[in-house]
Amino acid sequence: MKGKKLYPAAITIFGAKGDLTHRKLIPAIYNLFIGNHLPSSFSLICVDFLPDSDEEFRNYLLGGVNEFSRNGKADEMKWNEFSTRICYIQGDFLKLDTFVSLRKKLDSFDKENKQRGTRLFYYAVAPRFIEVISDSLYKLKLCHQEKKDRIVVEKPFGTDLDSSKRLNRFLGKRFAEAQIYRIDHYLGKETVQNILAFRFANYVFEPLWNHKYIDHIQISVAESVGVGKRGGYYDSSGALRDMIQNHLLQLLCIVAMECPDAYQAEMIRNAKTRLMQSVRIYKPAEVFKNVVRGQYTAGMVDDKPIPAYRNEDQVSSGSTTETFVAAKFFIDNKRWKGVPFFLGTGKALPKQTSVIAVQFKESPHKIFKDDIVPNRLIISIQPELEICLLFESKVPGLEMKLQAVDMDFIYQENYTESIPEAYEALILDVLEGDATLFMRADQVDAAWKVVMPILNAWKKFPTRQLHFYEAGTWAPAAARELVKPYAKHWFQLPVKNKVQPILKDSL
Ligand code: BG6
């Protein structure tokens with residue numbers, strides 16, 4: 001348990017048969033259970049429209065835990081104990097009857113516990129169901145106690161600024177803002193949470209964290225997978241909506257925000273929102289100069305063939321949807337005046353790697369004849385969990401010869417604790433009523449404001465500067481051109497034990 005006393009809790013998952021529930025949510029909740037983080041009395045009510053018995057459904061979930069849990073296969077005794085708390089409701093989200101059945105389960109859970117428990121309603125559903133589910137919860141008063149009842153809404157939160165505002169208004173009429181947990185699983189990643197500790201618990205970096213000492217910052221999330229079975233969703237979304245509007249802009253906020261007055265949800269959310277509202281909004285004419293988009297063609301990743309994006313299942317054959325984005329943003333405030341932030345993400349790239357690179361400026365005064373590589377701090381989010389500082393050192397010998405070396409903090413070498421999955425941290429936060437790592441309505445709107453001019457420009461000119469890149473290669477050349485005035489490369493973490501410590505180019 002993280003600290004707070006937990007009351008009996010009924011966790012309802014809408015979309016119980018979906019991928020998210022199978023791969024992420026149930027393994028996360030099971031791991032919370034075996035780690036003794038859940039309240040002693042809890043119930044897991046899973047709702048979906050396909051027929052299933054409790055027994056079959058539990059077996060289906062067990063398959064997900066065995067395959068995807070960070071702790072490997074479930075322990076038989078623990079699973080048996082856990083699975084007795086799971087029940088399945090077959091029901092259509094569009095019909096009120098489904099929610100009448102849900103009410104019965106919730107009421108009987110409260111009756112067993114002789115008290116009204118905490119209620120968490122997780123929307124693991126397609127966006128079109130968010131409103132109808134919310135409306136039914138509201139009408140049947142299933143989620144009306146502000147202090148005890150919470151909904152968890154997955155991204156995408158709207159598809160543009162207008163729809164996001166509409167959705168916020170809709171939810172705002174039915175629930176208090178404090179009850180709405182807009183989830184961005186990147187914020188639950190251990191390494192991302194550690195950025196707050198790194199920045200605000202170590203005084204040594206704070207004086208350097210500004211335009212005087214930092215040349216530019218790169219935030220890259222490279223994925224080796226293609227869109228796979230998600231073509232239907234992805235083709236109407238694209239990398240800008242799928243990754244930049246949420247995950248990468250959230251990372252930007254954490255890297256660049258001001259120090260909050262306290263480690264307290266609203267203070268942190270205020271600081272992040274203020275930062276997001278300071279990101280410069282591009283005029284239409286500036287978009288193509290500052291944002292590069294690409295789409296993958298057929299190729300090989302890890303020796304496996306990947307079809308061209310346009311040939312992926314449920315993707316239109318003439319699709320202009322971007323599977324790659326690299327963008328340069330500026331933050332118009334005193335701290336970051338003139339410092340470019342490069343955000344890059346793409347699918348079907350040679351390897352999965354998520355890295356934040358803080359490039360410091362060159363020393364203004366040079367006393368050595370060697371070329372000096374300016375300091376660089378790399379925060380690796382995944383798959384390596386690592387923070388690494390690059391600095392110059394004298395090569396042993398009789399000459400004054402310099403070489404860049406790195407100082408590394410590697411999680412696995414420093415901690416024996418196993419690293420919780422993002423969803424474990426976030427679900428526990430919701431149960432505890434801690435919204436620190438969740439997005440507030442105003443922050444989501446501010447993020448949409450940043451991407452709207454880009455979406456509009458691409459809509460107006462669907463094929464202009466749409467760069468194609470072969471699956472399994474690092475991004476279109478135009479993305480490298482974007483960073484060129486500032487850096488030779490997009491950076492990734494040095495591979496351990498390689499002789500050459502200078503960081504290699506990636507994207
Ligand atoms: C999701 C996106 O939000 O994040 C996916 O919809 C993407 O397209 C995924 O693959 C990446 O998450 P992670 O945790 O695997 O980096």
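Residues numbered from 1 in each chain as written. Predicted model: local features only at pLDDT ≥ 70, side-chain atom pairs only at ≥ 80, totals over all residues. Heavy atoms only, no water.

**Concerning the site of the ligand**
Next, step 1: Close to the ligand lie Lys155, His185, Tyr186, Lys189, Glu223, Arg230, Asp242, Met243, His247, Lys347 and Gln382.
Next, step 2: For the ligand, an oxygen atom lies 2.5 Å from a polar atom in the side chain of Glu223.
Next, step 3: Computed on the free molecule, the ligand has an accessible area of 400 Å², of which 80% lies beneath the protein chains in the complex.
Next, step 4: For the shell around the ligand, the element with the highest residue contribution is helix α9 (residues 238-256), accounting for 3 residues.
Next, step 5: By residue class, the composition of the shell around the ligand is 2 nonpolar, 3 polar and 6 charged. (Near = heavy atom within 4 Å. Polar contact = N/O pair within 3.5 Å; in protein donor to acceptor, adjacent residues only side chain to side chain. Areas by Shrake-Rupley, 256 points an atom, 1.4 Å probe, with all protein chains shown as cover. Helix = DSSP H or I, 4+ residues; strand = E, 2+ residues; numbered from the N terminus. Nonpolar A, V, L, I, M, F, W, Y, C, P; charged D, E, K, R; others polar.)

**Details of α9**
Next, step 1: Spanning 19 residues, α9 covers 25 Å between terminal C-alpha atoms, matching the ideal 27 Å at 1.5 Å per step.
Next, step 2: Along α9, the sharpest change in direction is near 50° and occurs at Ile244.
Next, step 3: Taken across its 19 residues, α9 has 18 buried, putting it largely inside the fold. (Expected span 1.5 Å × (residues − 1). Bend = angle between axes of the 7 residues up to and from the residue. Buried < 20%, exposed > 50% of the residue type's maximum accessible area, 1.4 Å probe, protein only.)

**Description of the sheet that holds strand β17 (residues 466-470)**
Next, step 1: If you trace the 9 strands from one edge of the open sheet to the other, you get β16-β15-β14-β13-β7-β12-β11-β8-β17, paired in mixed fashion. Each edge of the open sheet is held by one strand with a lone partner, namely β16 (402-410) and β17. Strand-to-strand, the axes of this sheet are offset by a mean angle of 20°, without reference to chain direction.
Next, step 2: Taken together, the 9 bridges between strand β15 (residues 386-394) and β16 define a ladder with antiparallel strand orientation. Its bridge partner being in β16, Ile387 is matched across the sheet by Phe409.
Next, step 3: Along the sheet face, α9 touches β7 (214-222), β11 (324-330), β12 (340-346), β13 (353-360) and β14 (376-382) and points at about 140° away from the line of β12. (Pairing = 2+ DSSP bridges. Axes fitted to C-alpha atoms, helices over the stretch in contact; angles between N-to-C directions. Contact = heavy atoms within 4.5 Å.)

**Comments concerning the pattern of salt bridges**
Next, step 1: One pass over the structure, following the stated rule, counts 22 salt bridges.
Next, step 2: A salt bridge links Lys351 to Glu384; the nearest nitrogen and oxygen atoms lie 4.0 Å apart. In this pair, Lys351 sits in the loop between β12 and β13 while Glu384 sits in the loop between β14 and β15, placing the two residues 33 residues apart along the sequence.
Next, step 3: Taken together, the shared-partner salt bridges connect Asp107, Asp110, Arg116, Arg119 and Asp149 into one network. (Salt bridge = Lys/Arg side-chain N within 4 Å of Asp/Glu carboxyl O.)

**Digging into the environment of Ser101**
Next, step 1: If you trace the backbone, Ser101 turns up in helix α4 (residues 96-113).
Next, step 2: Taking relative accessible area as the criterion, Ser101 reaches 30% and is therefore assigned partly exposed.
Next, step 3: Sequence-wise, Ser101 and Glu206 are 105 residues apart; in three dimensions their C-alpha atoms are separated by 54 Å.

**Focus: the side chain of Thr436**
Next, step 1: For Thr436, the location among the structural elements is in the loop between α13 (422-432) and α14 (441-460).
Next, step 2: On the accessibility criterion, Thr436 (5% relative accessible area) is buried.
Next, step 3: Of note is the side chain of Thr436, whose polar atom sits 2.5 Å from the side chain of Asp434.
Next, step 4: Among residues more than four places away in sequence, those in contact with Thr436 are Tyr263, Ala265, Ile268 and Arg269.

**A short note on the confidence of the model for the protein chain**
Next, step 1: Chain-level pLDDT for the protein chain is 93 on average; 96% of the residues reach the 70-or-more range.
Next, step 2: Note that pLDDT drops below 50 for residues 493-507; the model gives that stretch 47 contacts with residues more than four away or on any other chain. (pLDDT = per-residue confidence, 0-100.)

**Thoughts on helix α2 (residues 54-68)**
Three- or four-residue spacings in an α-helix give side chains the same orientation, since the helix completes a turn every 3.6 residues.
Next, step 1: The end-to-end C-alpha distance of α2 is 21 Å, a good match for the 21 Å that 15 residues give at a rise of 1.5 Å each.
Next, step 2: Of all the residues in α2, the buried ones are Phe57, Arg58, Leu61, Gly64 and Val65. Projected onto a plane normal to the axis of α2, the buried residues spread over an arc of 110° and lie on a single side. Counted as exposed and oriented over 90 degrees from the buried face of α2: Glu56 and Glu67.
Next, step 3: Among the structural elements, α1 (19-34), β2 (42-48), α3 (76-83) and β3 (86-90) are those in contact with the buried residues of α2. (Arc of directions from axis to C-beta.)

**A word on empty space enclosed by the protein**
Next, step 1: The final tally for this structure, using the stated rule, is 2 cavities of 30 Å³ or more.
Next, step 2: Its boundaries defined by the atoms lining it, the largest cavity holds a volume of some 40 Å³.
Next, step 3: Contributing to the lining of the largest cavity are Lys155, Phe157, Gln245, Asn246, Met439 and Val444. (1 Å grid on protein atoms, 1.4 Å probe; cavity = no way out; pocket = protein on both sides within 12 Å on 5 of 7 lines; lining within 4 Å. Points joined across faces, edges and corners; volume = space filled by probe spheres on them.)

**Concerning the packing of aromatic side chains**
We describe a pair of aromatic rings using the distance from one ring centre to the other and the angle between the two ring planes.
Next, step 1: In total, this model carries 28 aromatic pairs according to the counting rule given.
Next, step 2: Both rings, one in Tyr30 and one in Phe82, keep their centres 5.3 Å apart while their planes meet at 75°; by these two values the pair is edge-to-face. Of this pair, Tyr30 sits in helix α1 while Phe82 sits in helix α3, placing them 52 residues apart in sequence. Take Tyr30 and Phe82: they sit in the same class, and that class is buried.
Next, step 3: What links up through ring pairs into an aromatic cluster is the set Phe14, Phe93, Phe99, Phe121, Tyr123 and Phe129.
Next, step 4: Its guanidinium or amino end placed over the ring of Phe461, Arg464 lies 3.9 Å from that ring's centre, counting from NZ or CZ. (Phe/Tyr/Trp six-rings, centres within 6.5 Å; stacked < 30°, edge-to-face > 60°. Lys NZ or Arg CZ within 6 Å of the ring centre and 35° of its normal.)

**Points about the nonpolar core**
Next, step 1: Core analysis: the largest hydrophobic core is formed by 154 residues, its most contacted members being Phe14, Tyr123 and Leu137.
Next, step 2: With 12 residues, α9 is the single largest residue contributor to this core.
Next, step 3: One finds Ala357, Ile378, Ala487 and Phe491 within the second-largest nonpolar core, a separate group that totals 6 residues. (Core = buried A, V, L, I, M, F, W, Y, C linked by side-chain atoms within 4.5 Å.)

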